[in-house]
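# Structural overview for review
The chain contents come next:
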Number of protein chains: 2
Amino acid sequence: MFFLKELPTREILERYHERFPEMNVDMVGDALLLMRQASLLLRQLDEYFSGHDFSQLRFLIIVIIDREQETLLTASEILKKLDVSGPVMARTLKALEASQMIVFHEHESDKRAKRIALTPKGKAKLQAILPGYYETIERFMSTLGQHDAS
Amino acid sequence: MFFLKELPTREILERYHERFPEMNVDMVGDALLLMRQASLLLRQLDEYFSGHDFSQLRFLIIVIIDREQETLLTASEILKKLDVSGPVMARTLKALEASQMIVFHEHESDKRAKRIALTPKGKAKLQAILPGYYETIERFMSTLGQHDAS
DNA sequence: ACAATATACTTATCATGATAAGCATATTAC
DNA sequence: GTAATATGCTTATCATGATAAGTATATTGT
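None of the values given here were measured: they were computed from a predicted structure. (Residues numbered from 1 in each chain as written. Chains lettered and ligands numbered in written order. Predicted model: local features only at pLDDT ≥ 70, side-chain atom pairs only at ≥ 80, totals over all residues. Heavy atoms only, no water.)

### Observations concerning the domain arrangement of chain A
Residues and elements named next belong to chain A. Under the domain assignment used here, chain A contains domain 1 (7–51) and domain 2 (53–145). Look at where the C-alpha atoms of domain 1 and domain 2 centre, and you get two points 30 Å apart. Listed as interface residues are 11 residues of domain 1 and, on the opposing side, 13 residues of domain 2. Between domain 1 and domain 2 the total buried area reaches about 1100 Å² when both faces are included, carbon and sulfur atoms providing 68% of it. Considering only the surface of domain 1 that becomes buried against domain 2, Leu 41, Tyr 48 and Phe 49 emerge as the three largest contributors, covering 55% of it. On inspection of domain 1 and its partner domain 2, the count reaches four residue pairs in polar contact (both at pLDDT 80 or more). Along the lines of polarity and charge, the residues of the side of domain 1 that touches domain 2 split into six nonpolar, four polar and one charged. (Domains from an automatic or database assignment. Contact = heavy atoms within 4.5 Å. Buried area = accessible area lost by both parts, 1.4 Å probe. Polar contact = N/O pair within 3.5 Å; in protein donor to acceptor, adjacent residues only side chain to side chain. Nonpolar A, V, L, I, M, F, W, Y, C, P; charged D, E, K, R; others polar.)

Following this line, the structure appears as structure tokens:
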């Protein structure tokens, strides 16, 4: 997360540019705005999720499982689609199992692996969460100008 | 952070739109891209900072202290400029003190508060870190198109 | 076949974000 | 002046990210 509430003005960036001439004022300004806006949106979404006893990561995991129609995924297959570490994935899957959103099935050919399926409760959670997720995003995106630094 | 490596294609978003008609495909697509790009940049910066035994937050704190020329700030004044919680601010300031980047001085009128000053070591750290910070941002921003989902 | 390596997942530990509650001091209301 | 409230910071505890190292099973090379 990028925590700075008020981004530096163009004047301030230009003063930094005098001390560090290789610094590109426009690029740095754009990057700070990118990080700040995304952080504000991520905050809103985190708040939305935690109000539903959920999290960004738990949400993305069940979206990914849900999107796969044919086969059941394993933890490492989900891991390839999300950049979190293995231990975080394992812990989060365990939490999803504990809250009965997913179940683990034996893998048919690899004793180390488990196949992961969404439960009806997990599917229902996803359906219940998606509308508010979109709404949160849209509320944020339609007021984006007001979060601008300049 | 937003962890999804491959953003949904327009077709996939349109399929969601059929299930959730109030969902605006363009806005949601833009928001996911915003979060993903910012997360990638934040990752790069985190990696840069941790290679220098530092962090985003420690960096922002010393930037803010450095920017203030006239008076020494207190923890709560820095807190107004950064959206982190009070305990995190207190802990991070303590870490900055332990590594001799800042010193606490008695507040002249409020016994609860402390005035915070950058040490020469803290100033030197900031000077040492800034060029690589800009470079990391610029390297990222100039390849932004390649991080695009579409 | 079997040793070496790779893969799937777990365990242990740390870092850094949060909230709730606490203490001391300041400020405000009367 | 003193009670009530607010403010500045700390302590305790939790959540959730990371890495390093461990176990079991699979795969590869010879």
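There's more to say after this.
### Digging into the interface of chain B and chain A
The interface is formed by 52 residues belonging to chain B together with 52 residues belonging to chain A. Across the interface of chain B and chain A, roughly 4600 Å² is buried in total on both sides, 68% from carbon and sulfur atoms. The largest per-residue losses of area from chain B upon contact with chain A belong to B:Phe3, B:Asp83 and B:Tyr134, which jointly make up 15% of the total buried on that side. One can count four salt bridges joining chain B with chain A. B:Arg43 is the partner of A:Asp83 in a salt bridge, and the nearest nitrogen-oxygen pair spans 3.0 Å. Mapped by element, the contributors of at least two residues to the side of chain B that touches chain A are α1 (10–19), α2 (25–51), α3 (56–67), α4 (75–81) and α6 (120–141) of chain B. In terms of residues, the side of chain B that touches chain A owes the most to one element, α2(B), which gives 15 residues. (Salt bridge = Lys/Arg side-chain N within 4 Å of Asp/Glu carboxyl O. Helix = DSSP H or I, 4+ residues; strand = E, 2+ residues; numbered from the N terminus.)

### Points about the protein's contact with DNA strand D
Within the structure, DNA strand D sits among 23 residues, and A:Ser85, A:Lys111, A:Arg112, B:Ser76 and B:Arg112 are positioned closest to it. Near the protein, meaning within 4 Å, the atoms of DNA strand D are sugar or phosphate in a fraction of 59%, with bases accounting for the rest. Contacts to DNA strand D include A:Arg112, whose side-chain N or O atom sits 2.9 Å from a base oxygen. B:Arg43 has a polar side-chain atom sitting 3.1 Å from a phosphate oxygen of DNA strand D. Within the residue set of the surface near DNA strand D, elements represented by two or more residues are α3 (56–67) and α5 (86–98) of chain A together with α4 and α5 (86–98) of chain B. A per-class count over the surface near DNA strand D returns nine nonpolar, four polar and 10 charged. (Near = heavy atom within 4 Å.)

### Topic: the relation of the copies chain B and chain A
Between the two copies, chain B and chain A, the superposition gives an RMSD of 0.0 Å; the rotation angle is 180 degrees and the shift along the axis is 0.0 Å. This pairing of chains is accounted for by a two-fold axis. Looking at the rotation axis and the C-alpha trace of chain B, the residue lying nearest is B:Ala38, at 3.1 Å. Taken together, the interface assignments show that 100% of the residues at the interface of chain B recur at the interface of chain A, consistent with an identical surface on both copies. (Least-squares fit on C-alpha atoms with pLDDT ≥ 70 in both.)

### Some points on the pairing of strand β2 (residues 114–118) of chain A
Residue and element names in this part refer to chain A. Burial runs high along β2: four of the five residues are buried. In terms of strand pairing, strand β1 (residues 102–106) meets β2 through five bridges, oriented antiparallel. Opposite Phe 104, over in β2, you have Ile 116 as the bridge partner. (Buried < 20%, exposed > 50% of the residue type's maximum accessible area, 1.4 Å probe, protein only. Pairing = 2+ DSSP bridges.)

### Quick word on the packing of helix α2 (residues 25–50) of chain A against α2(B)
Two elements in contact, α2(A) and α2(B), have axes separated by 8 Å at closest approach and are oriented at 115 degrees. Classified by the angle their axes make, α2(A) and α2(B) are roughly perpendicular. Once α2(A) is placed against α2(B), the crossing between them reads as left-handed. Across the interface between the two elements, A:Ala31, A:Leu34, A:Met35, A:Gln37, A:Ala38, A:Ser39, A:Leu41, A:Leu42 and A:Leu45 of α2(A) pack against B:Ala31, B:Leu34, B:Met35, B:Gln37, B:Ala38, B:Ser39, B:Leu41, B:Leu42 and B:Leu45 of α2(B). (Axes fitted to C-alpha atoms, helices over the stretch in contact; angles between N-to-C directions. Parallel < 35°, antiparallel > 145°, perpendicular 65-115°, else oblique. Left-handed = near helix turned anticlockwise from the far one by under 90°.)

### Considerations on the protein's contact with DNA strand C
Not every one of the 23 residues close to DNA strand C is listed here, only the nearest: A:Ser76, A:Arg112, B:Ser85, B:Lys111 and B:Arg112. Sugar and phosphate atoms constitute 58% of the interface atoms of DNA strand C, taking the interface as everything within 4 Å of the protein. With respect to DNA strand C, the backbone of A:Ser76 contributes an N or O atom lying 2.8 Å from a phosphate oxygen. Between DNA strand C and B:Lys111 there is a distance of 2.7 Å, counted from a phosphate oxygen to a backbone nitrogen or oxygen.

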